[in-house]
Structures are given as structure tokens and as C-alpha cells.
Amino acid sequence: VPTKELGSQVVRAAKEFTDQVLFLPDMVGLERQLTSLKKVRPEIIVGMPSRILELIDYGKLKINKLEYIVIDEGDKVLKRDNLFMVEKILKAAYKTTPLAVFSATYRPDDFTLLKELRENISYLSSKEIIGTTNHYYLMTSEMRKIDNMFKILRGFDSKKAMVFLNRAVGVEGLVKKIKEQTREIFILHTDMDIQKRKSVLEKFRKAEFAVLITTDVFSRGLDVPDTDCVIHYDLPKTGNIYIHRSGRTSRGFMNGTVVSLVREEEKSDFYDIRRMAGIHTRQIAFNKDNVLQVIKVNKDNHRSS
């Protein structure tokens, strides 16, 4: 897995099948993990490539008897330095060990890369969508973004929402600008240590009326099923990032709402992003009474609400 948060969720799911599951994130005490390896004798190991390879190189993790290798968020895990580590891990296992790679998005050359890792790998695509996600955008100035963000949450009667920014430094800054709210405000970014991040996620999961403000690092794998709204406070850089952020809502059988806050000078970029993502979005606005309205475009290009 690419991140500690996703790894923790995979462990939680795997424990429904067996207690012999061990999580091996990087940047965590190696000695403690070595002790756990001896104690747990895991049937399933969930880990990040750097730490798994480190334990293989030390001779502490023997994977020549693996039954399966699974790579989650494949387009993320197989990037740059991770790719080198994954190649070494695969070489340490038998060539016949089944390999499965999962992701909601792929770059054009990803499948070519996978064919280099395993010649007989096949591509399977699932179009099944259980939940319904409605996508909208709101034209706004930078100055009115915070006010509009909470108008959106009220307008869609959102109970639990995730708000995405492009940079970790902006997360703390945004929270300082938010005036008193009845809903709980949580933040999650990479400058926080793993225990603090874990604590924040647990509190967000248990909250009934809350907002989690975070960045793209956490746009993959965060599974909080009752998240009913995602707001792109900052526009994502690519269509793929838009898809992963938006995928934090409509989990399982739930329905959800996704809203992008778009400044006038960003309109062209937003159109490119939604084209790359293959998403149909409708424009919303607020009338003078702050009632949310969906703007409809008629065939003769006139707008109505």
C-alpha cells in the first residue's frame, strides 16, 4: 500500500478473516516490528514497499512461500522509487506467485509497465457503480471560499464532509480562518505523526456532524462510509486526482455530493480537469436568500434556475 492510513484500513478489513495480520509501515520502530513478526507469525502482511524490502534484505522476512501478492492503488505504488522496490520484492518471490494490482485510475503506460513485471498479466475493468455521486461546481472568489464552503454544506444538508486542499501548509491556515461552527472541524496532513493522524481519523469516523480538511496524500483509500460530501476547496491538478478525492464519498451503497469551488481565472483549468475525469458537472449558485439553486442551461444557451 502507498500510505499508512490505507494500510491501517486494509488491516482492519483483513482481521474479519484472520487475527494473524501484521502491518509493516515505514518510519516506525523496526525492532518492534521484528518482535511482532515472531509473535504474530502472520498469514497476511500489509506493508509499504520500503519497509517490506528492508525486512527482506535483512533476511527477517522470507517471501518465497507467498500464495499471493496484492498491490493496492497500483498507479501510486508503482511510481518512481517505489517501482524499483516493488521489482526487488517481486524478484524475491517466485515468478509463479499470483500478482493482483488494483486502482481506480491508471496512466496510459501503466499496463505496459505491468507487462514488464509479469508477462501474462491481464487487464480487467469493472464499471459497476453501486452508490450515486452528483457533481457540481460553484463560481467563487478566493475571499468568499470559506463562506461558500459552509453554505454548500448547509445547502446539501451534509452531515460529514471531506474538504481537499492542494498543500499541507494551507490546511492549518484555513482552520485558523474558520469562524465558530456547530460542526466539528478536523485536520489531517503529512506533518502530523502517525499516532496523531490515526487519532484524528478515529474521531472523524465517530463524529456525527463534522468536516475533515486534508490534502491529496489522503485522497486514496480513506474509507469513512458515511461521508456524504466532498469539496474541492482547491482545484485538483489532474482528472485522476479529482476521481480519487471524489471517491471518498458514495462509499458502498451510499450516495454523495461533490462540489468544486472554481475561481473565474480557473474556469478553463476546471473544464480540462472534468474532461480528463470524464465527469458531468452542473453549476450551482445561491440566490439573495442564500438558497442553493442548480443552474440549468437550455438548448438556446439561456440559463435558468
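Computed from a predicted structure; not experimentally measured. (Residues numbered from 1 in each chain as written. Predicted model: local features only at pLDDT ≥ 70, side-chain atom pairs only at ≥ 80, totals over all residues. Heavy atoms only, no water.)

Caption draft 1: Local environment of the overall build of the chain. Counting its regular elements, the chain contains 11 helices and 13 strands. For 305 residues, the compact-globule estimate of 2.2 N^0.38 gives 19 Å, and the chain sits close to it at 21 Å. Seen through its principal axes, the chain has C-alpha atoms that stretch 65 × 40 × 30 Å. Per-residue burial for the chain yields a buried fraction of 46% across its 305 residues. Pairs at least 24 residues apart make up 69% of the contacts formed inside the chain by residues separated by at least 6 positions. A total accessible area of about 17,700 Å² is found for the chain, and carbon and sulfur atoms account for 51% of it. (Helix = DSSP H or I, 4+ residues; strand = E, 2+ residues; numbered from the N terminus. Rg over C-alpha atoms; globule rule 2.2 N^0.38 Å. Buried < 20%, exposed > 50% of the residue type's maximum accessible area, 1.4 Å probe, protein only. Contact = heavy atoms within 4.5 Å. Areas by Shrake-Rupley, 256 points an atom, 1.4 Å probe, with all protein chains shown as cover.)

Caption draft 2: Structural view of the packing of aromatic side chains. Summed over all chains, the structure comprises five aromatic pairs. Relative to Y123, the ring of F111 has its centre 5.9 Å away and its plane inclined at 70 degrees; by these criteria the two rings are edge-to-face. In this pair, F111 sits in helix α6 (residues 110–117) while Y123 sits in the loop between α6 and β5 (133–139), placing the two residues 12 residues apart along the sequence. On the basis of relative accessibility, which here comes to 33%, the residue F111 falls in the partly exposed class. Ring geometry for F186 against F204: centres 6.1 Å apart, planes inclined by 75 degrees, an arrangement best described as edge-to-face. One end of the pair, F186, is in strand β7 (residues 184–187); the other, F204, is in helix α9 (residues 194–206), with 18 residues separating them in the sequence. Take F186 and F204: they sit in the same class, and that class is buried. An aromatic cluster of three or more residues is present, and its members are Y137, F270 and Y271. Cation over ring: K145 sits above Y233, and NZ or CZ is 5.0 Å from the ring centre. (Phe/Tyr/Trp six-rings, centres within 6.5 Å; stacked < 30°, edge-to-face > 60°. Lys NZ or Arg CZ within 6 Å of the ring centre and 35° of its normal.)

Caption draft 3: Looking closely at the layout of surface pockets. In this model, the second largest pocket occupies a volume close to 610 Å³. Around the second largest pocket, the lining is made up of 24 residues, and of these S8, F23, I194, Q195 and K198 lie nearest the centre. Of all the secondary-structure elements, those providing two or more residues to the lining of the second largest pocket are α1 (4–14), β1 (21–24), α2 (30–40) and α9. Among the elements that make up the lining of the second largest pocket, the one with the highest residue count is α9 (seven residues). (1 Å grid on protein atoms, 1.4 Å probe; cavity = no way out; pocket = protein on both sides within 12 Å on 5 of 7 lines; lining within 4 Å. Points joined across faces, edges and corners; volume = space filled by probe spheres on them.)

Caption draft 4: Seen up close, the side chain of D228. With respect to the helices, strands and loops of the structure, D228 is situated in the loop between β8 (210–215) and β9 (229–232). Among buried Asp, Glu, Lys and Arg side chains, D228 stands out as unpaired, with K159 the closest opposite charge at 6.0 Å. In this structure D228 touches D157, S158, K159, K160, T249, N255, G256 and T257, once residues within four positions along its chain are discounted. (Lys, Arg positive; Asp, Glu negative; His and termini not counted. Salt bridge = Lys/Arg side-chain N within 4 Å of Asp/Glu carboxyl O.)

Caption draft 5: The nonpolar core, seen in detail. Of all hydrophobic cores here, the largest spans 27 residues; its most connected members are L55, L61, I71, L78 and L99. Listing elements by their share of this core, those giving two or more residues are β1, α2, α3 (49–57), β3 (69–72), α5 (80–92), β4 (99–102) and α6. For this core, the element with the most residues is α5, which contributes five residues. If we skip the residues at most four places from it in the chain, L61 touches L24, L37, I45, I52, L55 and I56. The next biggest cluster of nonpolar side chains, apart from the first, holds 24 residues, and it includes L138, L153, C229 and Y233. (Core = buried A, V, L, I, M, F, W, Y, C linked by side-chain atoms within 4.5 Å.)

Caption draft 6: Focus on α9. Relative to the 18 Å expected for 13 residues at 1.5 Å per residue, α9 spans 19 Å between its end C-alpha atoms, a close match to the ideal helical length. R197, V200, L201 and F204 are the residues of α9 that are buried. What you see down the axis of α9 is that its buried residues fit within an arc of 95 degrees, all on one side. Turned more than 90 degrees away from the buried face of α9 sit Q195, K198 and K206, all of them exposed. Where α9 begins, one side-chain oxygen reaches toward the backbone nitrogen of Q195, 3.1 Å away; that side chain belongs to D193. (Expected span 1.5 Å × (residues − 1). Arc of directions from axis to C-beta. Polar contact = N/O pair within 3.5 Å; in protein donor to acceptor, adjacent residues only side chain to side chain.)

Caption draft 7: Quick look at unusual backbone geometry. Unusually for a residue other than glycine, D157 sits at a positive phi of about 55 degrees. Within the secondary structure layout, D157 lies in the loop between α7 (145–155) and β6 (160–165). Notably, S250 is not glycine yet its phi reads approximately 60 degrees, a positive angle. In this fold, S250 is placed in the loop between α10 (239–246) and β10 (256–262).

Caption draft 8: Representation of the packing of α2 against α3. Between α2 and α3, whose axes approach to 12 Å, the crossing angle comes to 70 degrees. In this view, α2 runs roughly perpendicular relative to α3, as classed from their interaxial angle. The hand of the α2/α3 crossing is right-handed. Here α2 contributes L30, Q33, L34 and L37 to the contact with α3, which in turn contributes R51, E54 and L55. (Axes fitted to C-alpha atoms, helices over the stretch in contact; angles between N-to-C directions. Parallel < 35°, antiparallel > 145°, perpendicular 65-115°, else oblique. Left-handed = near helix turned anticlockwise from the far one by under 90°.)

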